[in-house]
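# Structure assessment
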Amino acid sequence: MNKLKSLMHGALAPVLVLLVWEACARAGLFSAVVMPAPSAVAAKWWAYLLPAQPQAEGQSYLGWLLSGELLHDAYSSLYRVIAGFVIGAGLALPLGLVMGANTRIHDFFNPLVQILRPIPPIAYIPLAILWFGLGNPPSFFLIAIGAFFPVLMNTIAGVRHVDGIYLRAARNLGVNQLTLFTRVILPAATPYILAGVRIGIGTAFIVVIVSEMIAVNDGLGFRILEAREFMWSDKIIAGMITIGLLGLAIDTAVSRLNNHLLRWHRGLEH
Amino acid sequence: MSQILINNVQKVFTTPGGPVVAMKDIQLTIQPGEFVCLLGPSGCGKSTLLNAVAGFQPPSAGEITIEGKKILSPGPDRGMVFQEYALFPWMTVAQNIAFGLEVQKKSRSDIAQTVNQLLDLLHLKDFRDRYPKDLSGGMRQRVAIARVLALDSPIMLMDEPFGALDALTRRNLQDELLRIWEKLGKTILFVTHSIEESIYLADRIVVMTYRPGTVKRDQIVDMPRPRDPSSAAFNALKRELGALVMEEQQRHANAEMKLAAVD
Ligand SMILES: Nc1ncnc2c1ncn2[C@@H]1O[C@H](COP(=O)(O)OP(=O)(O)OP(=O)(O)O)[C@@H](O)[C@H]1O
Ligand SMILES: [Mg+2]
């Protein structure tokens with residue numbers, strides 16, 4: 001009962017905005033090209049979700065159901081985010097671990113990192129096209145850069161901030177250097193690392209939308225830019241909503257993963 | 001057997017304000033199976049001495065040997081129980097206890113058996129799969145003790161292990177520690193600044209002076225266990241040691257006053 005109440009309470013503001021928006025659109029306050037009514041956006045979103053073609057001969061029902069443009073675009077974007085993130089984080093994690101653990105390696109790489117880190121991934125777009133041409137590779141490159149630095153910086157900080165008491169306890173138990181690293185330093189650093197992962201995924205998601213506006217012909221970023229060319233503002237907004245939903249889904253998934261991996265952590269209540 | 005020989009040990013810390021002599025001329029022989037308390041006010045070098053025995057901070061002069069072998073680094077032959085528990089928060093109770101054994105590459109079945117015995121011994125059975133964050137302070141310290149017992153080291157070093165616990169839990173754990181010590185015959189070097197705790201536990205109490213930390217009194221406690229803190233003998237000793245510790249406490253306070261005056 002209480003849950004329902006708070007749900008209704010939370011829904012109040014969005015519903016109000018939608019109602020006012022719908023009323024204004026119907027009253028003809030602005031043209032449908034500039035700002036379509038929410039009902040029109042919803043209809044478009046539904047059409048965008050459903051398969052465009054009738055079920056073809058020999059196509060499975062599920063395959064047909066999933067053949068809609070929206071799902072294809074969402075899948076393409078998600079695929080790029082994950083691939084780019086895995087590349088970026090996959091490089092940042094080992095580098096961050098050694099930089100955090102070894103001062104000499106840290107001092108060797110740190111100037112380079114500090115110079116490159118403030119460059120926004122978007123600024124790499126021209127270079128990305130020059131180096132990788134069109135298609136997925138420049139997207140992967142840009143997303144990887146977006147994910148790389150947050151994961152790197154947090155991994156370094158995580159390793160450096162391991163409480164000395166754990167190291168002493170471990171040495172007292174007789175661990176060797178490798179075990180100390182894998183069983184003590186690495187888990188002790190995970191809260192930091194996962195915070196970096198979360199920021200990195202967020203950046204990756206911003207970068208994927210931008211990168212799709214330049215070099216590919218599917219994905220949510222591409223779709224809203226394409227819709228602009230035809231002045232389909234309803235489709236633009238439907239695409240934006242989809243981007244929001246996908247972002248929310250990614251963040252929820254990462255936060256679930258976080259909660260699971262950090263179930264031992266003091267700061268977390270679940 | 002594992003006799004600890006602390007031979008003319010000194011430790012000097014270099015600080016921005018000049019060298020600090022944390023301990024000096026410490027000469028102690030601790031017999032196998034002995035329960036020794038290091039007693040003294042805060043800052044008198046108890047942890048410094050314990051850390052030197054543990055191998056975390058080597059002394060600046062003198063040497064510490066165990067069975068004639070000089071201590072150069074920490075090792076599982078000297079299990080340490082820290083005041084801050086120092087349990088690994090990402091491991092469950094059972095995993096914390098098992099960790100030292102895994103490091104020693106014991107077989108799975110050996111590990112499981114030892115862990116189960118220790119869970120039993122320290123009444124931790126119902127908590128085996130909990131994480132440290134879900135345990136009370138007393139429970140955490142039980143796990144820390146179990147973790148060290150798992151190593152089966154002949155020597156246990158304990159740095160104010162019960163300092164953060166309430167009186168009841170504290171007494172409870174003191175009794176458990178005595179029970180375990182009597183059962184397993186460990187050599188225990190136990191740091192405390194509680195006079196009562198030291199008399200309740202120790203075969204022998206080493207009272208330390210404040211800066212530089214030296215041995216002020218090496219006191220044998222010749223009372224049968226379990227000791228009754230309300231008995232006359234207990235209280236007589238308590239008064240006697242209390243006066244000694246008070247003197248050092250006073251020197252501590254005076255030293256701080258002087259420092260404040262210089263500032
Ligand atoms: N790493 C260090 N650097 C400089 N001085 C130190 C260091 N460690 C300890 N000291 C100094 O050495 C003296 C002894 O410290 P120690 O920690 O051994 O005292 P303690 O008897 O354990 O006190 P407490 O009961 O508060 O734990 C103190 O005056 C302290 O300020
Ligand atoms: Mg201390």
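Residues numbered from 1 in each chain as written. Chains lettered and ligands numbered in written order. Predicted model: local features only at pLDDT ≥ 70, side-chain atom pairs only at ≥ 80, totals over all residues. Heavy atoms only, no water.

In plain terms, the rule: UniProt positions are given in the numbering used here, feature names are shortened, and annotations may be inferred rather than shown by experiment.
Per an unreviewed UniProt entry, chain B goes by NitT/TauT family transport system ATP-binding protein and derives from Rivihabitans pingtungensis. The record held by UniProt for chain B lists under Sequence similarities (unreviewed entry) the comment "Belongs to the ABC transporter superfamily."

Under an unreviewed UniProt entry, chain A has the name NitT/TauT family transport system permease protein and belongs to Rivihabitans pingtungensis. In its Subcellular location (unreviewed entry) section, UniProt records this for chain A: "Cell membrane".

## Observations regarding the packing of aromatic side chains
Let me state the cut-off plainly: Any two rings among Phe, Tyr and Trp, with Trp reduced to its six-membered ring, count as a pair given centres within 6.5 Å; such a pair is stacked if its planes are under 30 degrees apart, edge-to-face if over 60, and tilted if neither. Strands are runs of DSSP state E lasting at least 2 residues, helices are runs of H or I lasting at least 4, and numbering of each runs from the N terminus. Exposed residues in this analysis have more than 50% of their type's maximum accessible area, buried residues have under 20%, and partly exposed residues fall in between, with area computed by a 1.4 Å probe over protein chains only. Two conditions define a charge located above a ring, namely a distance within 6 Å from the ring centre to NZ of Lys or CZ of Arg, and an angle within 35 degrees of the ring normal.
Summed over the entire model, instances satisfying the criterion amount to 19 aromatic pairs over all chains. On the basis of an interplanar angle of 50° and a centroid distance of 6.3 Å, the ring pair of A:Tyr166 and B:Phe88 is categorised as tilted. Linking A:Tyr166 in helix α8 (residues 164–172) with B:Phe88 in the loop between β6 (78–81) and α2 (93–103), this pair reaches from one chain into another. B:Phe88 carries the same exposure label as A:Tyr166, and that label is buried. The ring of A:Tyr48 carries A:Lys235 above its face, with NZ or CZ at 5.1 Å from the centroid.

## Observations concerning the UniProt feature "domain: ABC transporter" (unreviewed entry) in chain B
Feature annotation in UniProt places "domain: ABC transporter" (unreviewed entry) on residues 4–235 of chain B, given in this structure's numbering. Summarising residues 4–235 of chain B: 33% helix, 28% strand, and an end-to-end C-alpha distance of 30 Å.

## Describing the pattern of salt bridges
We apply this condition: What counts as a salt bridge is simple: a side-chain nitrogen of Lys or Arg found within 4 Å of a carboxyl oxygen of Asp or Glu.
Inspection of the entire model under this criterion finds 25 salt bridges over all chains. One salt bridge connects B:Glu102 with A:Arg183, and the closest N-O pair in it is separated by 2.8 Å. Note that B:Glu102 is positioned in helix α2 and A:Arg183 in helix α9 (residues 177–212), a pairing that runs across two chains. For B:Glu102, a relative accessible area of 33% corresponds to the partly exposed category. Here A:Arg183 falls in the partly exposed class, since its relative accessible area comes to 30%. With its nearest N and O atoms 3.2 Å apart, the salt bridge here joins B:Glu196 to B:Arg171. One end of the pair, B:Glu196, is in helix α6 (residues 195–201); the other, B:Arg171, is in helix α5 (residues 167–184), with 25 residues separating them in the sequence. Accessibility expressed as a relative area gives 25% for B:Glu196, which makes it partly exposed. In this structure, a network of salt bridges that share partners links the residues A:Glu69, A:Asp73, A:Arg223, A:Glu226 and A:Lys235.

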